[in-house]
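# Structural characterization, general
Below, each chain spelled out in residue letters.
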Amino acid sequence: MALPKEPRQKMINMMYLVLTALLAMNVSAEVLNAFKTVDASIANSNKVIDSKNDLTYKSFEAKAKDPQTAEKTAKWKPKADKVKDLSSKLVAYIENLKLELKKESGLEIRDGHETFAESNLDASVRLMDKRGEGPKLYNMLGDYKKQVLALLDPAEFANEPNIAENIKKAKADFDRSLPINQNVPKGQEGKEYPNNAEGWIQSYFHMTPTIASLTILSKFQNDVKNAESQLVDYFHSKVGEVAIVYDKFQAIASANTSYAFPGDEIQITAGVGAFSEAARPTITIGGQNVPLGADGAALWKTTANGVGKKVVDVVIEFAKPDGTKERVSKKIEYEVAAPAGVAVSPTKMNVLYIGVPNPLTITAGVGSEKINATFTGGEIRREAGSNWIAIPKTQGEHNVNVIVEGKSTPVKFRVKPLPDPGTFVGPKRGGSMPTADFKAMGGVVAKLLDSDFEAPFKVISYTLGAQGGNYPTYQMANNEGNRWNGAAAKLVNDAKPGTTIYFDQIKVIGPEGKVRDLPPMTFMLK
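Computed from a predicted model, the values in this text were never measured in an experiment.

## Thoughts on the pairing of strand 5 (residues 282–285)
- Bridge count for strand 5 against strand 6 (residues 288–289) is two bridges, and the pairing is antiparallel. Opposite Thr 284, over in strand 6, you have Asn 289 as the bridge partner.
- Taking the residues between adjacent antiparallel strands as the criterion, strand 5 and strand 6 are bridged by two residues, where Gly 286 takes a positive phi near 60 degrees.

Spelled out as structure tokens, the structure:
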């Protein structure tokens, strides 16, 4: 602005400019970091939805080739493909808006790392208001909802009244439940904005830091992906369940024993195993989650220790071709010989865990009263007879030294921290859940997955976010303890079907006293 010549007025105007600059700078680092955390959580949710939608599209392709389902698929697959095309175009447009917003905030890329003015309060106004992208996005969101709902046309099935009535009802339900919402939220202190594109832009993007606007745009992308997921699932339900295509194969051979004497019978079983990434197998071996290799199989290695027959529990969870879940448990046995008749056997696991009591059985061919033991990795004490308890303190390989008549025999063990537990709301770790069932759970719990080891974990805090349903804009609350309370409890209690609940920054403490950060969870209420 032009400055007047009168000195006093000059000074007043200069102070106004300085104050405005200070206000622009006074967006705290904590607030900016909170928006970045929310944005990252929404991005993770978008990846989960994309993965689930890809599985449904692959199932459409498979059913189109199946003579038994090809006719039905021909009616519904084009509708799913149209939703996919509309959604991908709108998501791509919003992604480009995010790039333009960063540019308006001075985007620089050095060594692949982006930097821009995250607290800039003017960039969003310039892009969304001055450059006209706000009204364009507002109209595109409204058009998107109209176009996808138009695919639910009862008139197409005039000769099939039952289907036509079902589609009519589904269209009305989707009109209410799809998270595409152009309503203008109230401003701070109850400020009212006009219920149109102008008010929508003022509410979301005026005097909004760049990082907050980016988070809002990510939320709109999430809305589109959720809408796509709901509609594609509906179209697919008219054909049948999601099919799993097994496209990787591996020759499998295993013996009935790895330890035998002359004259013992040896049995070898051989065959071909089929695998699929779409089946999303989860494999736990010896209490540890084992990642899949390139051939779709999991490889687990251990070092033999202790003495006698060892049993390793293998648990495989996977999706069957009809879309249902299957869980198979097997026990793999092998034999370990002991030097000089000394045996130190972990009672429950094949490793020792730091900071918790690990039961051991120690024998040496003599009475238990003649046996003593030390442990290089921590403490060890006798419980009764041949039963001992080891409490490791340091990670790595350590020896349990078995002492008989002054002679020490070392037996090597691997010592590891306890694995991270899984987090649950009720029986589930994410996905869809009836609203009433979700509210009845009351909080988040953490426990080791598929393990016989008794190691209680305590949830100490997390953030709970909600969007959709009663929450047109993303709402978040910090929560202390495992049960949601205060503002977090209010978010849950006021949620209704169509709401997505996010859990992030989940912190738990294990029996060894170590605080751990666990991955986020996402639930869609129905």
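Right, picking up where we left off after that structure.
## Considering the nonpolar core
- In terms of nonpolar packing, the biggest core is built from 52 residues, with Leu 137, Tyr 144, Trp 200, Phe 205, Phe 220 and Phe 235 touching the most fellow members.
- Put simply, the parts of the chain that give this core at least two residues each are helix 2 (29–65), helix 3 (70–104), helix 4 (123–130), helix 5 (133–150), helix 6 (161–177), helix 7 (197–205) and helix 8 (210–237).
- Broken down by element, this core gets its largest block of residues, eleven residues, from helix 8.
- Setting aside chain neighbours within four positions, we find Trp 200 in contact with Gly 134, Leu 137, Tyr 138, Leu 141, Asn 181, Gln 182, Asn 183, Val 184, Pro 194, Phe 205 and Phe 220.

## Some remarks on helix 5
- Compared with the 26 Å implied by 1.5 Å per residue over 18 residues, the 25 Å span of helix 5 between its first and last C-alpha is a close match.
- Of the positions making up helix 5, those classed as buried are Glu 133, Gly 134, Leu 137, Tyr 138, Leu 141, Gly 142, Tyr 144, Lys 145, Val 148 and Leu 149.
- Lining the buried residues of helix 5 we find helix 3, helix 4, helix 6, helix 7 and helix 8.

## Structural notes on the pattern of salt bridges
- Taken as a whole and assessed by the stated rule, the structure comprises 25 salt bridges.
- Sharing partners across several salt bridges, the network here consists of Glu 100, Lys 103, Glu 104, Arg 126 and Arg 131.

Conventions and cut-offs
Residues numbered from 1 in each chain as written. Predicted model: local features only at pLDDT ≥ 70, side-chain atom pairs only at ≥ 80, totals over all residues. Heavy atoms only, no water. Pairing = 2+ DSSP bridges. Helix = DSSP H or I, 4+ residues; strand = E, 2+ residues; numbered from the N terminus. Core = buried A, V, L, I, M, F, W, Y, C linked by side-chain atoms within 4.5 Å. Buried < 20%, exposed > 50% of the residue type's maximum accessible area, 1.4 Å probe, protein only. Contact = heavy atoms within 4.5 Å. Expected span 1.5 Å × (residues − 1). Salt bridge = Lys/Arg side-chain N within 4 Å of Asp/Glu carboxyl O.

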